[in-house]
Amino acid sequence: MTIKFNELQEYIKNRMREVYSETVIEHATNPKNFGNMEDADGFASMTSSCGDTMEIWLKIKNDIIIGATFMTDGCGTTIASGSMVTEISKGKNIKEVLKISQQDVLDALGGLPEDSQHCALLAANTLKEAISEYMAVKRDPWKMAYRKYFRSRI
Ligand code: FES
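No experiment lies behind these values; they were computed from the predicted model shown.

For the protein, the count of helices and strands is 6 helices and 4 strands. Going residue by residue from the N terminus, the α and β elements of the protein occur as α-α-β-β-β-α-α-α-α-β. Here the C-alpha radius of gyration of the protein, 17 Å, is about what a compact globule of 154 residues would show, namely 15 Å. C-alpha extents for the protein along the principal axes are approximately 65 × 25 × 25 Å. The buried share among the 154 residues of the protein stands at 40%. Nonlocal contacts in the protein, meaning residues at least 24 apart in sequence, comprise 61% of its contacts between residues at least 6 apart. Carbon and sulfur atoms form 52% of the exposed surface of the protein, whose accessible area is close to 8,600 Å².

With that out of the way, let us pick up the pattern of salt bridges. Here the structure, examined in full by the defined rule, presents 7 salt bridges. The residue Arg 17 makes a salt bridge to Glu 10 at a minimum N-O spacing of 3.3 Å. According to the relative accessible area criterion, Arg 17 is partly exposed, its value standing at 34%. A salt bridge links Asp 63 to Lys 138; the nearest nitrogen and oxygen atoms lie 3.1 Å apart. Here Asp 63, found in the loop between strand E2 (53-61) and strand E3 (64-72), pairs with Lys 138, found in helix H6 (residues 117-139); they are 75 residues apart in sequence, far enough to count as distant. One network of salt bridges, with partners in common, ties together Glu 10, Arg 17 and Glu 22.

Right, let's get into the side chain of Thr 47. Here Thr 47 lies in strand E1 (residues 42-47). According to the relative accessible area criterion, Thr 47 is buried, its value standing at 4%.

It is worth spelling out a nonpolar patch on the surface at this point. A cluster of nonpolar side chains, Ile 3, Leu 8, Tyr 11 and Ile 12, forms an exposed patch at the surface whose accessible area comes to about 380 Å². Tracing the backbone shows Ile 12 in helix H1 (residues 5-17).

Another point: the pairing of E1. Counted residue by residue, E1 has 6 buried out of 6 residues, so it is predominantly covered. Judged by which residues are buried, E1 turns out to be covered on both faces: Gly 42, Ala 44 and Met 46 on one side and Phe 43, Ser 45 and Thr 47 on the other are all buried. Where E1 and E2 come together, 6 bridges link them in antiparallel fashion. Considered in E2, the bridge of Gly 42 is made with Leu 58. The antiparallel pairing of E1 with E2 creates a hairpin that spans 5 residues between the two strands, and Gly 51 there sits at a positive phi of about 105°.

Moving on to helix H5 (residues 102-109). Among the residues making up H5, those that are buried are Val 105, Leu 106 and Leu 109. Viewed along the axis of H5, the buried residues span an arc of 100°, placing them on a single side of the element. Looking one or two residues beyond H5, the residue adopting positive phi is Gly 110, at roughly 80°.

Here we take up the packing of aromatic side chains. Tallied over the entire structure, the rule returns 2 aromatic pairs. Aromatic side chains Phe 34 and Phe 70 sit 5.2 Å apart centroid to centroid with 80° between the ring planes, which places their arrangement in the edge-to-face category. A residue pair is termed long-range when its members are at least 10 positions apart, and Phe 34 in the loop between helix H2 (22-29) and E1 and Phe 70 in strand E3 qualify at 36 residues. Ring geometry for Phe 43 against Trp 57: centres 5.2 Å apart, planes inclined by 45°, an arrangement best described as tilted. Here Phe 43 is found in strand E1, whereas its partner Trp 57 is found in strand E2, with 14 residues between them in sequence.

Calculation rules
- Residues numbered from 1 in each chain as written.
- Predicted model: local features only at pLDDT ≥ 70, side-chain atom pairs only at ≥ 80, totals over all residues.
- Heavy atoms only, no water.
- Helix = DSSP H or I, 4+ residues; strand = E, 2+ residues; numbered from the N terminus.
- Rg over C-alpha atoms; globule rule 2.2 N^0.38 Å.
- Buried < 20%, exposed > 50% of the residue type's maximum accessible area, 1.4 Å probe, protein only.
- Contact = heavy atoms within 4.5 Å.
- Areas by Shrake-Rupley, 256 points an atom, 1.4 Å probe, with all protein chains shown as cover.
- Salt bridge = Lys/Arg side-chain N within 4 Å of Asp/Glu carboxyl O.
- Patch = residues over 30% accessible without salt bridge, like charges linked within 9 Å, V, L, I, M, F, W, Y side chains within 5 Å.
- Pairing = 2+ DSSP bridges.
- Arc of directions from axis to C-beta.
- Phe/Tyr/Trp six-rings, centres within 6.5 Å; stacked < 30°, edge-to-face > 60°.

Shape is all these values report; function is a separate question.
This is the structure in structure tokens:
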């Protein structure tokens, strides 16, 4: 028996629907804002206790997020979390962005299974760290020279 590629794809999606929301599936399979950013105003790289790393780049004008991108070596739910956190941060003032929590990311995704919820924490914390780096560089521009060495663990 031969299974056509489209049928296999649909089968896999149906199995995913048993565990994940449509929003998670959409952001995991078609992530928004994936990639690095030249001339970012804020950057952070964080590694979760599971070993997955997320990097976030921010473009900020007058303290408003005008661009946000991410990369990760993590699994699908980490990709979905990075995609969502960059989406919900855009257009917001940095003070509002600092309030984006793990729960906000989970709510926007329509939830995650318990053992994947730390992916949303990684995304929220990396975003906050990128804002902190932006503020630190704004205060002391020489800190930009150390950007590539910034890496934190949660
Ligand atoms: Fe660990 Fe997603 S960050 S599995």
